[in-house]
Amino acid sequence: MLDMKIIRENPEAVRRGIRLKGEEDNLSALLEIDQHRRAAIEEGDALKSRRNVLSKDIAQKVKAGGDIEPLKEESRTIGERIAALDEERRTIEERLRKLSLTIPNLPHSSVPEGKGSEDNQLVRTSGTKPEFDFKPKNHIELGESLGILDFPRASKIAGSGFPLYLGAGATLERALINFMLDEHLAGGQFREVMTPFVATSEAMTGTAQLPKLADDMYYCSRDDLYLIPTAEVPITNIHRGEILSEASLPIYYCGYSPCFRREAGSYGKETRGFLRVHQFNKVEMVKFVLPETSYDELESLLIAATGILDKLGIAYRVMELCTRDLSFAAAKCYDIETWSPGEEKWLEASSCSNFVDFQARRSAIRFRREGTGKLEFVHTLNGSGLATSRLMVSLLEAYQTDEGTIRVPDVLKRYTGFGHITAKGGQ
RNA sequence: GGAGAGGUGGCAGAGUGGUCGAAUGCGGCGGCCUCGAAAGCCGUUGUACGACUUGUUCGUACCGGGGGUUCGAAUCCCUCCCUCUCCGCCA
């Protein structure tokens with residue numbers, strides 16, 4: 001959500017941002033409704049003021065004695081008009097609220113302009129792509145031949161697009177999650193959280209999954225709850241509606257969660273195996289920070305995420321998203337893509353975004369500035385650190401041997417308890 | 001799921017129809033005292049929206065959310081949500 005005052009005073013700048021992101025431009029309608037709203041408020045407030053005066057007069061005359069009927073009559077008449085105006089105002093504000101939720105965050109000035117993912121800019125590439133003296137298998141061939149991934153049986157349980165890890169595969173997945181959490185917690189800055197994996201529509205609106213992504217989420221109508229598509233939602237909502245002290249900032253959280261995505265409309269080859277699934281595991285980092293620090297915080301968030309890949313020895317590249325590829329709520333975003341030898345493609349395994357005050361406005365997360373004592377919105381950021389499904393693809397494929405087995409990266413051995421995955425299991 | 005008790009300012013906690021944005025205490029802020037601090041004393045202390053004469057300004061709203069009764073609601077009624085206690089069920 002943007003500041004209505006800024007939209008009013010600077011509609012052209014806002015309109016340009018909307019266009020750069022390729023979002024629907026509802027600005028004219030928004031401004032018009034805003035105008036109506038203020039007119040209704042002005043008239044209503046004046047009448048309420050009069051009614052309050054009348055009520056006080058009545059109270060006095062009740063004590064002192066006197067004819068209160070004329071006063072009551074005027075108040076009644078005003079009351080009817082007030083009720084009508086209040087009703088009008090409610091309707092207007094509901095429309096205004098709905099409309100304002102469709103206005104995206106504006107891209108930061110440093111974000112490259114572009115028309116799509118082809119205009120994203122390479123920031124850096126790190127690690128070396130593994131070389132094989134045999135034809136590398138993809139993760140599906142590896143996983144199924146080793147008996148550690150079973151997509152056919154998974155679909156028996158939940159339909160297509162859900163993961164079933166078995167034996168050493170399940171252990172490896174768990175090892176990866178624990179390794180990532182421990183790495184992030186090691187610096188002592190992040191606080192680990194374990195949140196609900198479902199969230200209300202208020203929470204979803206606060207982080208801006210709603211209204212835009214409603215069709216991409218699983219929804220439990222009976223209880224009016226959504227399955228979380230990312231831990232960003234519950235973690236950011238921890239402080240919804242709160243006023244934080246400046247001294248408490250920055251606040252860093254990190255936590256594991258499964259993520260559920262309907263991925264409506266995606267079918268075909270790019271959905272094979274783990275490339276696009278309805279459920280995956282992720283370790284998420286969320287930051288609440290002072291506004292003036294948020295772009296520095298974005299850089300350090302990126303370092304925290306890529307540090308995992310450095311230790312795992314997986315080749316990756318960092319892309320800065322262009323304006324058109326930015327998500328609805330983001331002002332700036334880096335994607336981290338890991339190399340898949342089997343697909344011979346880069347796979348998006350993490351996004352690190354600065355939302356500036358956009359989510360904080362929707363969620364009413366503020367802090368009191370020392371010195372001035374004024375309330376300001378915090379800036380929020382989040383980054384995957386990282387999502388395991390695509391990471392698992394890169395890991396299995398990069399660490400395969402010519403015998404079709406998997407070597408476990410050194411840093412994970414103390415988590416798995418084995419160093420090699422063969423058809424007989426972990427050894 | 002059933003029964004009961006609650007939800008008031010940053011926190012605790014009064015307030016059962018009118019002058020209540022709300023006593024009191026704690027906390028916070030400022031001052032006095034002090035070499036300094038503590039204690040003590042004095043003062044002060046919310047948010048949102050709207051207006052313009054942009055002000056230590058004016059108006060409106062806010063006592064869990066929504067609705068109702070009334071000239072007037074923190075206070076009465078309805079409803080929803082949440083918390084607590086007991087019972088039931090249960091990993």
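Refer to the preceding data block for the structure.
All of these numbers come straight from a predicted model, not from anything done at the bench. (Residues numbered from 1 in each chain as written. Chains lettered and ligands numbered in written order. Predicted model: local features only at pLDDT ≥ 70, side-chain atom pairs only at ≥ 80, totals over all residues. Heavy atoms only, no water.)

Draft legend 1. Looking closely at the overall build of chain A. Each helix and strand in chain A was counted, giving 13 helices and 17 strands. Reported as C-alpha extents along the three principal axes, the dimensions of chain A are approximately 100 × 45 × 45 Å. Out of the 427 residues in chain A, the part that is buried amounts to 51%. A total accessible area of about 20,500 Å² is found for chain A, and carbon and sulfur atoms account for 49% of it. In chain A, which carries 57 positive and 64 negative side-chain charges, the distance between the mean positions of the two groups comes to 2 Å. (Helix = DSSP H or I, 4+ residues; strand = E, 2+ residues; numbered from the N terminus. Buried < 20%, exposed > 50% of the residue type's maximum accessible area, 1.4 Å probe, protein only. Areas by Shrake-Rupley, 256 points an atom, 1.4 Å probe, with all protein chains shown as cover. Lys, Arg positive; Asp, Glu negative; His and termini not counted. Charge placed at Lys NZ, Arg CZ, Asp CG, Glu CD.)

Draft legend 2. Inspection of the protein's contact with RNA strand B at higher detail. Not every one of the 21 residues close to RNA strand B is listed here, only the nearest: Arg8, Asp45, Lys63, Ser75 and Arg76. Considering RNA strand B, the proportion of its atoms within 4 Å of the protein that are sugar or phosphate atoms stands at 75%. In the model, a phosphate oxygen of RNA strand B is placed 3.2 Å from a nitrogen or oxygen of the Arg366 side chain. Listing elements by their share of the surface near RNA strand B, those giving two or more residues are α3 (27-64), α4 (69-100) and β12 (366-368). (Near = heavy atom within 4 Å. Polar contact = N/O pair within 3.5 Å; in protein donor to acceptor, adjacent residues only side chain to side chain.)

Draft legend 3. Just the pairing of strand β11 (residues 345-354), in detail. Judged by how many residues are buried, β11 sits mostly within the fold: seven of ten residues are covered. With nine bridges connecting them, strand β10 (residues 332-340) and β11 associate as antiparallel partners. Note on β11: the bridge partner recorded for Thr338 is Leu347. Between the antiparallel neighbours β10 and β11 lie four residues, among them Glu344 with a positive phi of about 55°. Bridge analysis of β11 against strand β14 (residues 379-387) gives three bridges, and the strand direction is antiparallel. Pairing of Cys352 across the sheet is with Gly383, part of β14. (Pairing = 2+ DSSP bridges.)

Draft legend 4. Looking closely at α4. When the terminal C-alpha atoms of α4 are compared, their 45 Å separation across 32 residues agrees well with the 46 Å that a helix rising 1.5 Å per residue should span. Close packing links the buried residues of α4 with α3. (Expected span 1.5 Å × (residues − 1). Contact = heavy atoms within 4.5 Å.)

Draft legend 5. Structural detail: the pattern of salt bridges. One pass over the structure, following the stated rule, counts 28 salt bridges. A salt bridge links Lys287 to Glu297, with the nearest nitrogen and oxygen atoms 2.8 Å apart. You can see Lys287 sitting in strand β8 (residues 279-289) and its partner Glu297 sitting in helix α10 (residues 294-312), a full ten residues away along the chain. Exposure remark for Lys287: the relative accessible area of 1% places this residue in the buried category. With relative accessibility at 10%, the residue Glu297 sits in the buried group. As a salt-bridge pair, Glu337 and Arg317 come within 2.6 Å of each other at their nearest N and O atoms. (Salt bridge = Lys/Arg side-chain N within 4 Å of Asp/Glu carboxyl O.)

Draft legend 6. Molecular detail of the environment of Leu302. Positionally, Leu302 belongs in helix α10. Owing to a relative accessible area of 4%, Leu302 belongs among the buried residues under this scheme.

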